[in-house]
Amino acid sequence: MTDFLNDWGLILITFLPLAGALVMLAVPKESEETQKTIALVASGAAFALGVAFLVNFDYDSAGVLQYVVDREWIPIINSRFILGIDGISLPLLALTVLIVPLVLIYSWNNIPSPGNPKAFLSLILLLETGMIGTFVAQDLILFFVFFEIVLLPMFFMIGVWGGPDRKYASIKFFLYTLFGSALMIVSFLALFFMSAEQTFDMRILQDLGGLDIARTTQILIFGGMFMGFGIKVPIFPFHTWLPDAHTQAPTQGSVILAAVLLKLGTYGFVRIALPFLPEGAQWWAPIIAILAVIGIIYGALACLAQTDMKRLIAFSSVAHMGFVMLAIATLTDFGINAAVFGMVAHGLITGMLFFVAGSMKDRYHTLEISRLGGMLVSAPKLGWILGLCAMASLGLPGLAGFWGEFPAILSAYEPAPMLNEALFRTLMVIAALGTVLAAGYLLWMYQRTSMGTPPEEFADDPEITDVNTAEWISWTPMLLLIVVLGFFPSLIFNMTNPAATAIAAAATGG
Amino acid sequence: MWFLTHAWIIPALMALSFLLILFFGKLMPKKGSEIGIAAIGIAFILALLTAGSWYTHNNEEVEGHGDAAAMADVQEGCSNEVDHLAAEDHGEETEDVGDHEGEGRSDDGGSDEGTDDHALGQSDSGEYAQSDSGEYAQSDSGEYAAPAATSTAVASEGEEEHLTRPVVRCAAWAEIGTPGSSLITWGTMVDGQSVLMLVVVTLISLMVFIYSSEYVSGDRRYTHYFAFLSLFSASMLFFVLAQSTIQMIVGWELVGVCSFVLIGHWWEEKPNSNAALKAFLTNRVGDIGLLIGVAILYFAAGRSFSILDLNILAANGGISHGILLVASVCLIFAVMSKSGQFILHTWLPDAMAGPTPVSALIHAATMVVAGIYMVARLYPVFFEGLSIAGSSVNFLAIVGAVTAMFGALLAFVQKDIKKVLAYSTISQLGFMVTALGVGAWTAALFHLFTHAMFKATLFLGAGSLSNAAHHSFDMVNDMGGMRKVLPRTFWTFIVATAALAGIFPLSGFWSKDEILAGHGSLFSAGGNGTYHVMLVMLLIGAFCTAAYMTRTIWYAFYGEFRGHGTPHESGSRITVPLIILATLGAVVGVLNLPEKIGPFTFPESISLQFEHFVEPVGAYFPAISHAEFNIPLAIFSLALALSAVLVTYLYYWKGAFKFLHGLSERNRVAGLGKTILVNKYYFDWLYTDVITGFVKGPAARATNWFNQHVLDGIVDGTGKGAVVAGQFVYENIDQKVVDGAVKDTAIATSEAGGVLRHMQTGRIQQYAALFFAAAALLAGVFVVAIG
Amino acid sequence: MLLNQFLLLAAILFSIGVYGVIVRKNGVLVLMSVELMLNAVNINLVAFSTYHGLGGQVFALFVIAVAAAEVGVGLAIVLLIYRNRRSVDIDQLDELKG
């Protein structure tokens, strides 16, 4: 088992979904059951492998890469096919392989219009390969390839299966992120040419820690990465693609977008930008922190003004990712741990919120908050689930959100020694204020959608039914994890801590 | 001892009860209430056993001496400081033997001899001491051995002080940072204070559970009600047993959520959900203070959440005064919201929208005292940070005194009986906060204890009244004359009111008097400072308390019945808890009889039992000075209360003070005063309309506008600009220049072809002729050229 | 020099052939004129071979064989043209006109 995982595990987990997508191409368009089964089997196999990794992972040395695959790839530019996982990748990998099968289960009898499950499911599988690949790639070019693969399926998902304004949203999403990617690849190339080793191998680059690159150059290169990753996060003020993409995307797209795609950006910061360019990171950290805190307050205020539930949740992502970015910007082990936990927690919670919003849309055919109401009466279980997710999202202790939010605030009290303590402490107070606003917009939304009595137009609507079986199956694991991680945060911190400590050490050295 | 180390079972039991009720409650014959009652009953018995166990434990003779011996029951790894103490103790023992090795020993003293385990603790603390003295420029110059020495000295001042031995058990919760340096633990810290709360919470919960099974029977969400009541008890017990501050935060917020759910129990009606939201959001505002305060203390204590660590360091100068001051101010902010202190008290009266038993349990007896409990738990932080000893004013005392006085005033203008009680609660919590602020720690907890009993009685009594009055709480319009129909409710209410007003010899008298005496030397010796202003404010508050409670009794129980229908006494599941609680509220005062009242001396075996049971002595608690029973003050405050009752009696029953009737209509000043009171000092207006209104309205809309028009405008503008530029390039450069060149080439070629095609006649002979002509020409040229 | 006479004869013969190819309208006559031109070449080849080795005679034999084949193909084409058009006037065959 261990040998098998060592040699083939990561390759399989990365490409199994892709293989599923290819097999699906051979299935005739009409046999939808077969297509769904294939998709589920492929992603289920990836999930099983993910579990195998979780079980066999050596948690004591979570700081070093494990299950490394290192093959020749593009010798002419000295780029190799390197895969590997450590304590930072593993939780995100696990999140990805968990979310996708759940999304597929949810899709079982819930393919958004205009149908065509074959294409839809293939795209989800392709997306999965891209996401997994990004988290396991240990070569910059390989990373970039996977990072970009993700764009395409998402573009089509929004553009084909999206809401009325889908064309605008999908193009905006695609171009905006591509713009960031362009700067990012320039940065990667600069890193390649500037460093003495002339390599894309992330292991070597991390060991080098930017030692042989001048400070100014580091700052410039970091700037490119900041745009690339920052747009994906999205960090204020580059977030405007997000609400549109979320609002227009089909439920499945929103869930994947919120749960995993946004993490690619923050993961990039933690994995690449910080340890490779310590001095750049130190120069940029205050700027990132300020933007992050602006994002927290700004996202929260924007939420309060939204009239559409999905758009509200989308803006709440801006606020939550602000906490993650603030934690990263402290450049401390505490902060990076909090950031990774925050990513996982946000993935689960906001993913769930989008699931619930999608199910509400199916029932009510609108997400206009002012038209909704009394869901606790018409669909009580759905209402309670929404309540639980809202509570988790506002960072209630005992649920997963808390362990991303509170340590993030805590870490800002004592940032890395070279950073301005007074600035970060001020930011900490403002960020803490953001938690109040978060409670405000979430509970206000909850009050208007779920409490009270149902409005007349939906009072006796037979379509408004409670949670159905497919929804239960796909939601229960996420809900359970939200609660379990809230009480046993060490499930994640055990993995992340050694790796985060190493990255913090790398980011503050040099 | 088993009960002390296994106290976690009590909250776990309630959490289990929550899950069982949630998932299986509806299947049960009594819809889940039996699970809840059974669980809380067992929890109550366990709490009593724990209390007994603590009593024995606390009175045991201890082997060894000093702080290290006192901390022997603290599990290793739960507190760096205690581990350090133990190591030091160990070091001292071996030091005599290995003296010759001791050259060049560091300030840590004896760390060389520590075993491996101890050495870890040593080096941590050593590091901390260094960084501390460097960073905060402490006058102590990092002499780390100081805490133990000081506290021992303090302890030995009294004649043979019996050090408290807290029982701490913990487990790793998460580890963040360099291994070994920052373990987050969760566990139980059992000492008198937490045991007291265990008993109070489980007792009141038990009563409320039983009461509720009748009071809310037939409710639309009966099962959910009991589930969340269980979850509340679990969270509150989790909170009081907390071993680390982060665990406190968890419990703190979980009780907040339960409060939210239960206030909004009847969420179909908008005012209820509004009240729930208001409660939660106001608490959230205070939580900022809690989060920041805990963060500050975490780093100040060298990366530790352990309450024991914080207390030991704060009490012994291990944390600089400035840091403690900031931290305590932040934490006071949290107290303001959770314990309904000015200026964040506004949610508490609204919280009465919830079912009455919930008000009794959560918003009077237990949850709202979480703030008091937190301050008491981290008392060294406040005591040192606010320099309570030897001062005459501090933030905590001001907050408490202002609340005690102004809260009591507000109770006068309420028509809703529950709101009267809510403002009364605010005011009484103000008493407790003031007590903590002036250094009367034991008095605060004692008042917490007695208040829980009689205030729960009052609330449950109000519920019983409303049961009779068709679920109305409006005592001015829907009640009156109830004493005849509800005799049991009436008598329990009277007893509880007297206790609240502080009438001798009921429990409220003893606890309130202890608080007043704790303000310092106005009439006699004792206390920690000279808080005269606060004393006056509290006396006014006490006067008002007696008066508004008398007014309440007048409206509810006397006069003519003003409601409709026939009121009836409640069933036994309502009245029995009332009687139990009222009895307790009457008699628990004897638990902390003073040592001597003037010439009369109580034997040691019955005096100050509560203090011995609850108050810690040792390194993790500041050396507070206890006030003695103050006879002039006691007589004065009793006279004040009685006169308030008398005046109110004359005013309502006898119609005396005619000039006061309708004064607010005739006199501008009085009218203004009443308007201010009716509008609750305009705090609600300020928060709801001004602040929340601004954030939800203009601020949010402006942000959204900015997002849609400026940021998105830039993005869209860039996009549109790109399209326009693209069109320009396409139309002018691509189509005209680049493509033009290509097209022109094609056109030229085709036109040339058009010209040349005429040569192609299709007639072979013509071609041949041309061919030969050309060949002949070439031949000619060839010949000429060669030639 | 006897060679010059042979060359002169060949040139005359060739010119007659050229004239016939260009001027005559009858396809058969055009073919015959081509034959004249080929034979003019043959004369040249044979004449030169007399003075410069026997290679020329070999080529002449080739040309005779090719000419026979060419006439066969040519007559077949002319015959087909006649069948289709009932005429062998090559002035009318201007299908290749641009």
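Residues numbered from 1 in each chain as written. Chains lettered and ligands numbered in written order. Predicted model: local features only at pLDDT ≥ 70, side-chain atom pairs only at ≥ 80, totals over all residues.

(A) Structural context of the domain arrangement of chain B. All names here are of chain B. Assigned domains within chain B: domain 1 (1-66 + 172-387) and domain 2 (393-678). Distance from the C-alpha centre of domain 1 to the C-alpha centre of domain 2: 24 Å. Tallying the contact residues gives 51 residues for domain 1 and 50 residues for domain 2. Mapped onto the side of domain 1 that touches domain 2, the elements with two or more residues apiece are helix H3 (33-59), helix H8 (192-215), helix H12 (307-315), helix H13 (321-338), helix H14 (347-350), helix H15 (356-365), helix H16 (370-377) and helix H17 (379-385). Per-element tally for the side of domain 1 that touches domain 2: the top contributor is H8, with 11 residues. Looking at the side of domain 1 that touches domain 2 residue by residue, the class counts come to 33 nonpolar, 15 polar and 3 charged. (Domains from an automatic or database assignment. Contact = placed C-beta atoms within 7 Å. Helix = DSSP H or I, 4+ residues; strand = E, 2+ residues; numbered from the N terminus. Nonpolar A, V, L, I, M, F, W, Y, C, P; charged D, E, K, R; others polar.)

(B) The interface of chain B and chain A, seen in detail. Taken together, the contact pairs 40 residues of chain B with 42 residues of chain A. Going through the elements one at a time, strand S1 (167-175), helix H10 (245-263), helix H11 (270-300) and helix H31 (683-756) of chain B are the ones with two or more residues in the side of chain B that touches chain A. The greatest single-element share of the side of chain B that touches chain A, amounting to 14 residues, is contributed by H11 of chain B. For the side of chain B that touches chain A, a count of residues per class yields 25 nonpolar, 7 polar and 8 charged.

(C) Representation of the packing of helix H7 (residues 166-194) of chain A against helix H9 (residues 215-232) of chain A. All names here are of chain A. Relative to each other, H7 and H9 sit at 150°, their axes nearing to 7 Å. If you check the angle between H7 and H9, you find them roughly antiparallel. Of the two possible hands of crossing, H7 and H9 adopt the one that is left-handed. Residues Tyr176, Thr177, Gly180, Ser181, Leu183, Met184, Val186, Ser187, Ala190, Leu191 and Met194 of H7 lie in contact with H9, whose contacting residues are Thr217, Ile221, Gly224, Met225, Met227, Gly228, Ile231 and Lys232. Taken together, the residues that form the contact of H7 with H9 break down as 11 nonpolar, 7 polar and 1 charged. (Axes fitted to C-alpha atoms, helices over the stretch in contact; angles between N-to-C directions. Parallel < 35°, antiparallel > 145°, perpendicular 65-115°, else oblique. Left-handed = near helix turned anticlockwise from the far one by under 90°.)

(D) Spatial organisation of helix H5 (residues 140-149) of chain A. All names here are of chain A. For H5, the tally of buried residues reaches 7 of 10 residues, placing the bulk of the element in the interior. Those residues of H5 lying buried are Leu140, Ile141, Leu142, Phe143, Phe144, Phe146 and Phe147. The inward-facing, buried residues of H5 contact strand S1 (66-74), strand S2 (79-85), helix H4 (117-136), H7, helix H8 (202-208) and helix H11 (251-276). (Buried ≥ 20, exposed ≤ 12 C-beta atoms within 10 Å, placed from the backbone.)

(E) Focus on the arrangement of the chains. For the 2 pairs of chains in contact, the largest share of contacts goes to chains A and B. One finds no contact linking chain A with chain C; the least C-alpha distance across the pair is 51 Å.

(F) Layout of the pairing of S1 of chain A. For S1 of chain A and S2 of chain A, the ladder comprises 6 bridges, and the chain directions are antiparallel. Directly across from Ile74 of chain A, in S2 of chain A, lies its bridge partner Ser79 of chain A. (Pairing = 2+ DSSP bridges.)

(G) Geometry of the interface of chain B and chain C. If you look at the interface, chain B gives 10 residues, while chain C gives 10 residues. For the side of chain B that touches chain C, the class distribution of residues is 4 nonpolar, 4 polar and 2 charged.

(H) Quick look at the confidence of the model for chain B. All names here are of chain B. In the predicted model, chain B carries a mean pLDDT of 78, and the fraction of residues at 70 or more is 87%. Between residues 93-159, whose pLDDT stays under 50, and residues either more than four places distant or in other chains, the model counts 84 contacts. Model confidence for the complex: the whole-complex pTM is 0.81, and ipTM, which rates the interface, is 0.89. (pLDDT = per-residue confidence, 0-100.)

(I) The nonpolar core, seen in detail. Within the largest apolar cluster, 455 residues are counted, with the highest numbers of intra-cluster contacts made by Leu326 of chain A together with Ile372, Leu436, Ala444 and Ala456 of chain B. Per-element tally for this core: the top contributor is helix H14 (residues 333-364) of chain A, with 19 residues. Two domains each put at least three residues into this core: domain 1 (1-66 + 172-387) and domain 2 (393-678) of chain B. Aside from chain neighbours lying at most four places away, what touches Ala444 of chain B is Ile372, Ala376, Met432, Ala435, Leu436 and Ile515 of chain B. (Core = buried A, V, L, I, M, F, W, Y, C linked by C-beta atoms within 7 Å.)

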